[in-house]
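Fold and geometry: a report
Residue-level listing of the chains:
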Amino acid sequence: MKAFVRRGAVGLCAAAALGLGLSNSEAQAWSLEEAAAPYKGSEINIICEGYPPCYALQEVSAEFTEITGITVNFEFGDLLAIAQRMVAEQLTESEHFDGMQVLSYHLALFGEQNFATPMSKFLDDPALRDPSFNWDDFVPELIAQSSIYKDEAIALPFQFLATFGVIRKDIVADPGERAAFKEKYGYDLPEPGLIMESKRLK
């Protein structure tokens, strides 16, 4: 997930990145360029893990910079090291970064210690929020796990990593698939009755 840490007004313009995809008439009346105008010429500093999703975010930020005139700087590193660094930054109030990647199980730390700026500061401001942004576009369980602390959103998910194995039950039950798996790996697939089913997402 991505969180905006305490750094004041500069963090506000980062929220305008939520508005890159305009899709309805109400959203068309809102302009990312106008929303970001007060912050033109400023910089946003983001730190995240050095792997493809964050590299992709860096590439997308070029479009954001072109529209807004706001430079987005990225630093990459090991996720656990980033977490330690950000806690130290908040405790010492050095506050160099505006946005960071946060592990879901660190959410409570950043919420309880007020290290993260509540998303409502961005999303409740009509001047900053793209009207096409909708919480219903996210999987509710993902939001609950990665974004909400004490009934308040303090981050936004940007990926989903399952912490458990995912397998299709019809494949596990297929005799041909079971035999081919056993021949290749030397052991059996789990019995279909041991597989927990999840509701199909629409």
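Before reading on, note that the structure itself is shown above.
All figures in this text were calculated on a predicted structure; none of them were measured in a lab.

1. Some details on the pattern of salt bridges
A complete count under the given rule lists 5 salt bridges for this structure. The salt bridge partner of Asp170 is Arg168, with a shortest N-O separation of 2.8 Å. Exposure remark for Asp170: the relative accessible area of 47% places this residue in the partly exposed category. Measuring nitrogen to oxygen at the nearest pair gives 3.2 Å for the salt bridge that ties Arg178 to Glu191. With Arg178 in helix H10 (residues 175-185) and Glu191 in the segment after H10, this residue pair connects regions lying 13 residues apart in the sequence. Taking relative accessible area as the criterion, Arg178 reaches 16% and is therefore assigned buried.

2. Brief notes about helix H4 (residues 52-68)
Over its 17 residues, H4 runs 24 Å from end to end, which matches the ideal 24 Å to within 8%, given 1.5 Å per residue. Taken together, the buried positions of H4 are occupied by Cys54, Ser61, Phe64 and Thr68. Trailing H4 by a residue or two, Gly69 shows a phi angle of about 75°, which is positive.

3. Some remarks on unusual backbone geometry
Not every positive phi belongs to a glycine, and Glu93 is a case in point at roughly 55°. Mapped onto the secondary structure, Glu93 falls in the loop between helix H5 (79-92) and strand S4 (99-101). The exposure class of Glu93 is exposed, given its relative accessible area of 60%. With a phi angle near 60°, Asn114 is a residue other than glycine that sits in the positive phi range.

Thresholds, definitions, all that
Residues numbered from 1 in each chain as written. Predicted model: local features only at pLDDT ≥ 70, side-chain atom pairs only at ≥ 80, totals over all residues. Heavy atoms only, no water. Salt bridge = Lys/Arg side-chain N within 4 Å of Asp/Glu carboxyl O. Buried < 20%, exposed > 50% of the residue type's maximum accessible area, 1.4 Å probe, protein only. Helix = DSSP H or I, 4+ residues; strand = E, 2+ residues; numbered from the N terminus. Expected span 1.5 Å × (residues − 1).

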